[in-house]
Structures are given as C-alpha cells and as structure tokens.
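# Analysis of the macromolecular model
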Amino acid sequence: MGTVDLLITGGNIFWKNRFVEASIAIDKGKIVAIGKEPNLPKAEKTLNFKDKIILPGLIDVHVHLRDQNLSYKETFESGTMAAAAGGLTTILDMPNNDPLTISPESFNMRVNSARGRIYVNVGFYSLLPGDPTDFKRLVEMGVTAFKLYLNKPYGNLDISNDEDLASSLLLCKKFSMPIAVHAEDYAIISKFEEQFKSLNLSNFNYFLHAHSKEAEIKALLRLLKILKNLNYKVHISHLSTAEAAKIIAENRDYFTCEVTPHHLFLDSTVINRLKGFAIMAPPLRSKSDITYLWRSLRHRIIDIIASDHAPHSLAEKISENVWKVKPGIPGLETMLPLMLDSVNKGLLSLNRLVELMAENPARIFRLPFKGFIDIGFDADLTIVDLHRKWLINPSKFMSKAKYSPFNGFEVAGYPFATIVKGRLVFFNGEIFERAGEIVFSKRFSS
Ligand code: DOR
Ligand code: ZN
C-alpha cells in the first residue's frame, strides 16, 4: 500500500465489539487498515489521540435542521456545526420544514440548498406524499426514510383514516423504506387543546393534559393493528411513557424505537422552573416513566438514543402562555455528554452506547458503511475524552438555539474530536471543515 491520507494513532478504538489499542489508516474517506502503527502504511498526516476513546461516528436519526424559510431558528451550517461539536458524524433531517419536505420537488430543493454547507453527513426524511408516483420518485432520488406524524396532519394524507395510513405503509413495505412515527393521537391532542384555548386555560399544565399518556398509547395501538395486517415494522420516535414501552416490548415484530436524553433525564416537575424551555412534544413525563425507560434501555427494548434537536428562536420559547410556546429544544450538543456521563455513573456500558448511537441507527435506517469501525467502512469517527468534567453552557452552543434545560449540569465525558469522511471537522472546541456529505439511499422495489 502506498502513502495514505491520514493515520489515527494513540487512542483506544472500538473494533469488533471491544476496545483495543490500535491505529486506523484512512484513505479517500474510507478506513483502509487497522492495526499496530508499525504495520500500517505511511500517511500524509497523523493525528495522535493519546488517552482518548475512538468510537464509530455516532448517528442521530432525529434532527430538525430547519434552514430555508426557518433559517432564523437554525441553518444547515449552524445545525451541522452543533452536530460536529456534539460528536455526531451523520444526522437525519426531519421533514416538517418550510417548505415541507414532501415531494420530489421539495426534496430536491432542500438537498440542493444543503450542498456545500454541511459539516457532518446529512440524510433526509420526507413526509408521506399522498401520491404513490411521488413516493416512488422520492425513493429513487435517495430519501433516507419517511416520517409519519400522527399528532398533526401534513399534506393531503388523512391521518384519521386507517385505510389511507395502511396504503402509505404498504408503499414503505414495498420499497423496504424505513419509516419513523410520531406516536401521539391528533384527535385527543387537538380536542383538549381547542377546549383549553377556548376557556383561556394557558398555563403549562394544560400542555401536559393535552399531550396525555393516552394520546401516545392510542396512537401506538392504532398503528399496531394496521402493522399486524401489513406485516411491516416501523420505528417509533421519542418514546416517552412506560405504557408505550410495554406495548413495544410485547410487539417487537412491529416496532423499533428511540428515546431522547430529555425523556431519560428530566421529569415534568422541571417545567415549573424552566417553563417553555422544558416544553416539547411528546412532553416530559413522571419519575416512574423515567425509571421504566431506563429499564427498557437495559433490556434492549429501546434501540436508539436520538436527540430530537428541535431549535426555536428565544422569542418562541419565552411566552407565559403555553399555546404560544413552540414545542422543542436543541439537543445535538448535550446528547453525547449526558450519555457519557451515564457511562461514568455505571448506568450503561460504552459498548451499549455504541450500539444505541451508531450500530442500531445504521442498521435500522439502512445506512451502508456506517455505524462500525472496520476496513471498508466510512472514516467517520467520534473521539471522546471519557473523564473530562465540564459544565453545560448553552451560551457556547454552535446551534442558534442558545438555551437548554440542561443548562448548568456538570457532566463527565466530552466530545473531543469529530472526523467526517477522513477529515477533521471538530477538535477540542473548534470547528474546521465542511466535510459533510449528503447521504442518498439506494433502494429498489421488490
Ligand atoms: O417538540 C417537538 N418539536 N415535537 C415535534 O413533534 C416537532 C418538533 C419541532 O419541529 O419543533
Ligand atoms: Zn422531532
């Protein structure tokens, strides 16, 4: 082998399910060799990560990058810088944009707008288009996954109609497309929301009433019935209640699922103090839900940790009227630190963290050559300092959303460097190259 582009040395790498002291040779964005340094080819450049841990590039399957007409909340630049600073090398962008990502035309526009502006790899979701021809074209154009919102109608898909849902899900099955679902029932949420609004009941508790546990359970059970008929599996976004986790545990043929750090670490009592900064959908739940989510995590009922990074402007978060607050919080720069802190506290192992944040996302969302450190895989690497203690300080976020319910948390575990396709994007607090590539899926109808 001639000279390669880059050698990563000195660190402990996660290779074939265990940590080993070895170096990684990278050429043209791919891992080309792994071994002890003397046995590896010479390189143009060497980066030494002594005392650091080198993980496969972590993947966040749930990110709202905004941009286009929502650039005041976040842009492709600010959002992917935040991802790099949070130790993520690939993220999947949600479709509830302005304009909506829902057609071949809008998908194309969004992808073209992102080109040349991204620091980490980005794959794109689309909403389910009503029209089967549009669906097929979106698949051919390389959309990574579809998103079904059961909490709010988008486009001309009638989410109250089981047959319409079944035919959309059947298309996903036909094209082997991953589909993520926001499982909260629109009929329940909207009924309560309208009622409370008409009575001028606008304090934060009413948001919790409207977004009840029943709303999550009902959406999930309704979906389950359709999926049993179709014999297809969907991915449940941001699982939040114990009851929903039980339904998923009993129906693993039909569901994979993710949980967010905010649902794992914060219960709804923090809303009294944090107000709009702790409002998101689904909302924060009780302490017993949290305990059950952690139990489900340990029992491998939960497949993925995802941030649901949903940035809004400060003005959109500070109202005392909960119906004027936009639900959602930034999460890209706090997810990995919080999870590393949990590793330090003995709540999960580093191996399990890799499973939840790299291997399972790559497998469930069918991202080829991602999720593992191995020869032939993409040279996406997340380098962490497992023991560094620091304070979460949102004013230093790369994201435009410079607030967080985790403000002031002391954590052990720091995303030290981020390498995307063999290029150094983030190193010890500083951002470098826009090395991100757009991830296009290749899928063929059966
Ligand atoms: O909290 C949320 N924010 N939940 C959603 O379903 C949407 C998201 C957003 O886009 O802001
Ligand atoms: Zn979301």
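Quick note: structure is the one above.
Before going into details, it helps to say that this report is about the structure given with it.

## Side note on the site of ligand 1
The environment of ligand 1 is made up of His-64, Arg-66, Asn-96, His-182, Met-280, Ala-281, Ala-310, His-312, Pro-327 and Gly-328. Taking Asn-96, its side chain carries an N or O atom lying 2.7 Å from an oxygen atom of ligand 1. The backbone of Pro-327 places a nitrogen or oxygen atom 3.0 Å from a nitrogen atom of ligand 1. With the chains in place, 90% of the 290 Å² that ligand 1 exposes on its own is no longer accessible. Here ligand 1 is seated within the largest pocket.

## Looking at the layout of surface pockets
Counted as a void, the largest pocket has a volume near 810 Å³. What lines the largest pocket is a set of 35 residues, and nearest its centre among them are Asn-151, Lys-152, Tyr-154, Ala-281 and Pro-327. With six residues, helix α5 (residues 186-198) is the single largest residue contributor to the lining of the largest pocket. Each residue belonging to the lining of the largest pocket can be placed in one class, and the counts come to 14 nonpolar, 11 polar and 10 charged.

## Quick look at the coordination of the zinc ion (ligand 2)
Taken together, His-62 (NE2), His-64 (NE2) and Asp-308 (OD) make up the full set of protein donors to the zinc ion (ligand 2), lying 2.0 to 2.2 Å away. Here the donor residues of the zinc ion (ligand 2) share one chain and are spaced in sequence as H-x1-H-x243-D. In this pair, His-62 is assigned in strand β8 (residues 58-63) and Asp-308 in the loop between β15 (304-305) and α12 (335-344), connecting sequence segments 246 residues apart. Like His-62, the residue Asp-308 is buried in the burial classification.

## Quick word on the environment of Val-61
Tracing the backbone through its elements, the reader meets Val-61 in strand β8. Since its relative accessible area comes to 0%, Val-61 is described here as buried. Separated by 84 residues in the primary sequence, Val-61 and Ala-145 place their C-alpha atoms 9.8 Å from one another. Excluding anything up to four places from it in sequence, Val-61 contacts Leu-92, Met-94, Tyr-125, His-235, Glu-258, Ile-304, Ala-306, Pro-361 and Phe-365.

## Topic: the packing of aromatic side chains
The final tally for this structure, using the stated rule, is 21 aromatic pairs. Measuring from centroid to centroid gives 6.4 Å for Phe-207 and Trp-323, while their planes differ by 40°, and the two rings are tilted. Of this pair, Phe-207 sits in helix α6 (residues 204-210) while Trp-323 sits in the loop between β15 and α12, and the two are 116 residues apart along the sequence. Side by side, Phe-207 and Trp-323 carry an identical accessibility label, which is buried. Taken together, the ring pairs connect Phe-192, Phe-196, Tyr-206, Phe-207 and Trp-323 into an aromatic cluster. The ring of Phe-192 carries Lys-191 above its face, with NZ or CZ at 4.9 Å from the centroid.

## Regarding the sheet that holds strand β3 (residues 18-21)
A sheet is described by the order of its strands in space; here seven strands give the open sequence β3-β2-β7-β16-β17-β18-β19, paired in mixed fashion. With one partner strand each, in any of the chains shown, β3 and β19 (430-431) form the two edges of the open sheet. For strand β2 (residues 12-15) and β3, the ladder comprises four bridges, and the chain directions are antiparallel. The residue of β3 that forms the bridge with Ile-13 is Val-20. Each of β16 (381-391) and β17 (410-420) is contacted by α12, which is oriented at about 125° to β17, the strand it contacts most. Set on the sheet, helix α13 (residues 350-364) makes contact with β2, β3, β7 (53-56) and β16; between it and β7 the angle comes to about 35°.

## Quick word on the packing of helix α4 (residues 162-174) against helix α7 (residues 213-230)
Interhelical geometry of α4 versus α7 gives an angle of 50° and a closest axis separation of 10 Å. Judged by the angle between their axes, α4 and α7 are oblique. Between α4 and α7 lies a crossing whose hand is right-handed. Seen from α4, the contacting residues are Asp-162, Leu-165, Ala-166, Leu-169, Leu-170 and Lys-173; seen from α7, they are Arg-222, Leu-223, Ile-226, Leu-227 and Leu-230.

## So, the sheet that holds strand β4 (residues 23-27)
With respect to topology, four strands assemble into an open sheet ordered β5-β4-β1-β6, the strand pairing being mixed. Of all strands in the sheet, those with a lone pairing partner are β5 (30-35) and β6 (43-48), marking the two edges. Taking each pair of neighbouring strands and ignoring which way they run, the sheet shows an average axis angle of 20°. Sheet topology places strand β1 (residues 4-9) next to β4; three bridges connect them, and they run antiparallel.

## Description of empty space enclosed by the protein
Tallied over the full model, the rule gives three cavities of 30 Å³ or more. In this structure, the largest cavity occupies an estimated 70 Å³ of space. Lining the largest cavity are Leu-127, Leu-128, Lys-147, Leu-148, Tyr-149, Tyr-154, Leu-157 and Ile-159. Ranked by residues supplied to the lining of the largest cavity, first place goes to strand β11 (residues 145-149) with three residues. Residue classes in the lining of the largest cavity are distributed as seven nonpolar, no polar and one charged. There is about 40 Å³ of room inside the second largest cavity. Lining the second largest cavity are Pro-261, His-262, Ser-307, Ile-329, Pro-330, Gly-331, Thr-334, Met-335, Leu-338 and Phe-406. Elements supplying a minimum of two residues to the lining of the second largest cavity: α9 (261-265) and α12. The residue inventory of the lining of the second largest cavity, partitioned by class, reads six nonpolar, four polar and no charged.

About the criteria used
Residues numbered from 1 in each chain as written. Chains lettered and ligands numbered in written order. Predicted model: local features only at pLDDT ≥ 70, side-chain atom pairs only at ≥ 80, totals over all residues. Heavy atoms only, no water. Near = heavy atom within 4 Å. Polar contact = N/O pair within 3.5 Å; in protein donor to acceptor, adjacent residues only side chain to side chain. Areas by Shrake-Rupley, 256 points an atom, 1.4 Å probe, with all protein chains shown as cover. 1 Å grid on protein atoms, 1.4 Å probe; cavity = no way out; pocket = protein on both sides within 12 Å on 5 of 7 lines; lining within 4 Å. Sits in = over half its atoms within 2 Å of the grid points. Points joined across faces, edges and corners; volume = space filled by probe spheres on them. Helix = DSSP H or I, 4+ residues; strand = E, 2+ residues; numbered from the N terminus. Nonpolar A, V, L, I, M, F, W, Y, C, P; charged D, E, K, R; others polar. Donors = N, O, S within 2.8 Å, 3.2 Å for Na, K, Ca; no water. Buried < 20%, exposed > 50% of the residue type's maximum accessible area, 1.4 Å probe, protein only. Contact = heavy atoms within 4.5 Å. Phe/Tyr/Trp six-rings, centres within 6.5 Å; stacked < 30°, edge-to-face > 60°. Lys NZ or Arg CZ within 6 Å of the ring centre and 35° of its normal. Pairing = 2+ DSSP bridges. Axes fitted to C-alpha atoms, helices over the stretch in contact; angles between N-to-C directions. Parallel < 35°, antiparallel > 145°, perpendicular 65-115°, else oblique. Left-handed = near helix turned anticlockwise from the far one by under 90°.

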